[in-house]
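Residue-level structural notes
These are the residues of each chain, in order.
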Amino acid sequence: MKHTDIKKLFAEAEAFVNKSVTVCGWVRTARDSKTVAFVELNDGTCLRNLQLVFDKEKTDAEALKNAMAVGSSLKAEGVLVASDRNGYEMNVETLEVLGVCPSDYPLQKKRHTLEYLRTIPHLRVRARYFEAVFAVRNQLAQSIHHYFSENGYRYVHPPIITGSDCEGAGEMFRVTTHPFATEYKTEEEYYANDFFGRKAGLTVSAQLEGEMAAMGLGRIYTFGPTFRAENSNTTRHVAEFWHVEPEVCFCDIDDIIEIAEDFIKYIVRDVLEKCPEEMEFFNQWVEKGIIEKLQNMLANDFGRIDYTEAIEVLKNCGKEFKYPVEWGVDLQTEHEKYLTDEYFKKPVFVVHYPAAIKSFYMKQNPDGKTVAATDLLVPGIGEIIGCSEREADYDKLVAAMKARNMPLENYTEYLDTRKYGSVPHSGFGLGFERVLMYITGVQNIRDVLMFPRTVGSM
Ligand code: 4AD
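Residues numbered from 1 in each chain as written. Predicted model: local features only at pLDDT ≥ 70, side-chain atom pairs only at ≥ 80, totals over all residues. Heavy atoms only, no water.

**A word on the sheet that holds strand β14 (residues 382-389)**
Selection criterion: Here the rule is simple: two strands pair whenever DSSP picks up at least two bridges between them. Comment: elements are numbered from the N terminus, with helices defined as DSSP H or I runs of at least four residues and strands as E runs of at least two. Here, residues are in contact when the closest pair of their heavy atoms is within 4.5 Å. Angular values range over 0 to 180 degrees, each being the angle between N-to-C directions of two axes fitted as lines to C-alpha atoms, with helices fitted over their stretch in contact.
Across the sheet, eight strands lie side by side as β6-β9-β10-β15-β14-β13-β12-β11; this open sheet has mixed pairing. One side of each edge strand has no neighbouring strand; the edge strands of this open sheet are β6 (154-155) and β11 (303-306). Of the strand pairs in this sheet, strand β12 (residues 348-354) and strand β13 (residues 370-378) are connected by six bridges, and their pairing is antiparallel. Residue proline 354 lies in a different strand from β13, and its bridge partner there is threonine 370. Helix α12 (residues 307-315) rests against β11 and β12 of the sheet, and its axis sits at about 90 degrees to β11.

**Some remarks on α12**
To keep things clear, this is the line we draw: With a 1.4 Å probe rolled over the protein chains alone, any residue whose accessible area is under 20% of its type maximum counts as buried; one over 50% counts as exposed, and the rest are partly exposed. Our arc is simply the arc of the directions from the helix axis toward the C-beta atoms.
Among all positions in α12, only Tyr307, Ala310, Ile311, Val313 and Leu314 are buried. Looking straight down α12, one finds its buried side chains confined to an arc of 160 degrees; they lie on one side.

**Observations regarding a positive patch on the surface**
The test is simple: Any residue with relative accessible area above 30% and no salt bridge may belong to a patch, with like charges joined within 9 Å and the nonpolar Val, Leu, Ile, Met, Phe, Trp and Tyr side chains within 5 Å. Exposure was quantified through the Shrake-Rupley algorithm and a 1.4 Å probe, taking into account, for residues, occlusion by the shown protein chains and nothing else. A side-chain nitrogen of Lys or Arg and a carboxyl oxygen of Asp or Glu constitute a salt bridge if their distance falls within 4 Å. Charged residues are defined narrowly, with Lys and Arg counted positive, Asp and Glu counted negative, and His plus the chain ends left uncounted. By convention, the charge on Lys lies at NZ, on Arg at CZ, on Asp at CG and on Glu at CD.
A contiguous patch of positive charge, built from Arg31, Arg85, Lys110, Arg111 and Arg128, is present on the exposed surface. Mapped onto the elements of the fold, arginine 111 is located in the loop between β5 (87-99) and α4 (114-118). A relative accessible area of 62% means that arginine 111 is categorised as exposed.

**A few points about a negative patch on the surface**
A contiguous patch of negative charge, built from Asp252, Asp255, Glu258 and Asp262, is present on the exposed surface. Note on placement: glutamate 258 falls in helix α9 (residues 253-274). Given a relative accessible area of 60%, glutamate 258 falls into the exposed group.

**A look at the site of the ligand**
Under the convention used in this document: Working definition: residue near molecule or strand if any one of its non-hydrogen atoms lies within 4 Å of it. Polar contacts here mean pairs of N or O atoms no more than 3.5 Å apart (in protein, one a potential hydrogen donor and the other a potential acceptor; neighbouring residues in sequence count only if both atoms are side-chain atoms).
Surrounding the ligand, one finds 24 residues, the nearest of these being Glu167, Gln207, Glu230, Glu245 and Glu383. Arginine 390 places a polar side-chain atom, nitrogen or oxygen, 2.9 Å from an oxygen atom of the ligand. Between an oxygen atom of the ligand and a main-chain N or O atom of glycine 431, the distance comes to 3.2 Å. For the ligand, whose unbound accessible area comes to 630 Å², protein coverage reaches 93%.

Quick look at the structure:
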């Protein structure tokens, strides 16, 4: 179906003006007067609509009626003309209604609440808000690939079905082909007869496979879906999210912190540059001043604070927290929020957490209490990156796994990386949706995913 994208028409308008062009799209709004009818057409290529102008005398009445129904899909051919109000519009000569939209179309109004739009995920992508979200989402993914490609990382594709639980938090979804009501006496018996002959689940992180890949390829990243069966009904958690996980050999905790900051700044700068129209939309309608906030972030160094010092800051800040602060506790959202929004007023790396609240694979610091791990916290969102230098010493790693009662037999290949030419290495995991929220100002993670999966909702 030969036609020109509306984005191209506006971008190269001088080449198209006063010429005949064909466009396709969906009707966003329509109005008419005695002699003329106006339809705002959007084809998803850009936020702007093209105004179609119909001479009512010359247009078939039935076709025009259908073309004026919000949600209908059209193909229109006509002459692009300059217009004072819209920059350019089209005087339609030939109209074809591709799909008539009945009046029960749920997006009749110009503005709907986000809560309402969440109930129609299959249609909300036709609203401007979501068009902007998914345009930036697309660009952000491209920018991430560009960063790694430009910096010599290999893109690897780890399995989604796996037998190893990277984070050890018991949040794995089980993968099974056993029919409903199959009865087995023991768990072992149950899994022995299952598809893989052992317990399998959906990955919570590609890190362990990523580490193995890096041990031969030097510098890798993964970028794929990750699954967590955590029962957290918050605006920042979903059961299925996209995870960006670089792994870098010959790299310590300070090196990886530098990489993480460089990476975040690169992708934000790239989105600002490539999505000016969408960012202007977010600036105006979603979070006022967000462009300036991001530009400030780009112009300044991120903060950095040791966990131990952060605890002191929180204890002495004079604020009443719901969750009391003591050395050894994990930071709660309210603590993170204080550090980013009030104390640093910019992104901050909290470094060297207590070993007891972090995962087994993190490098144990000489103090015997903390690990070389950091979380990157950003204003408004909290944690977007979980990062660490990995424990490269075989014996220390095994000891940490045993202390957590982990089944070592499931991790023999992983442990081989520490046996056969172990090297200092580090990596991080960036929550793709979390950084997308930070960049767009969208407050609920359900609004940056096409079909969000959350506890109790699919
Ligand atoms: O801090 P996490 O659990 O770290 C890891 O999984 C490491 N293995 C990563 C690595 O070093 N390769 O998760 C990393 C990030 C978090 O900072 C957060 O942004 C995101 O993943 N994340 C979630 N995003 C949405 N919904 C959830 N339920 C998330 N859980 C984690």
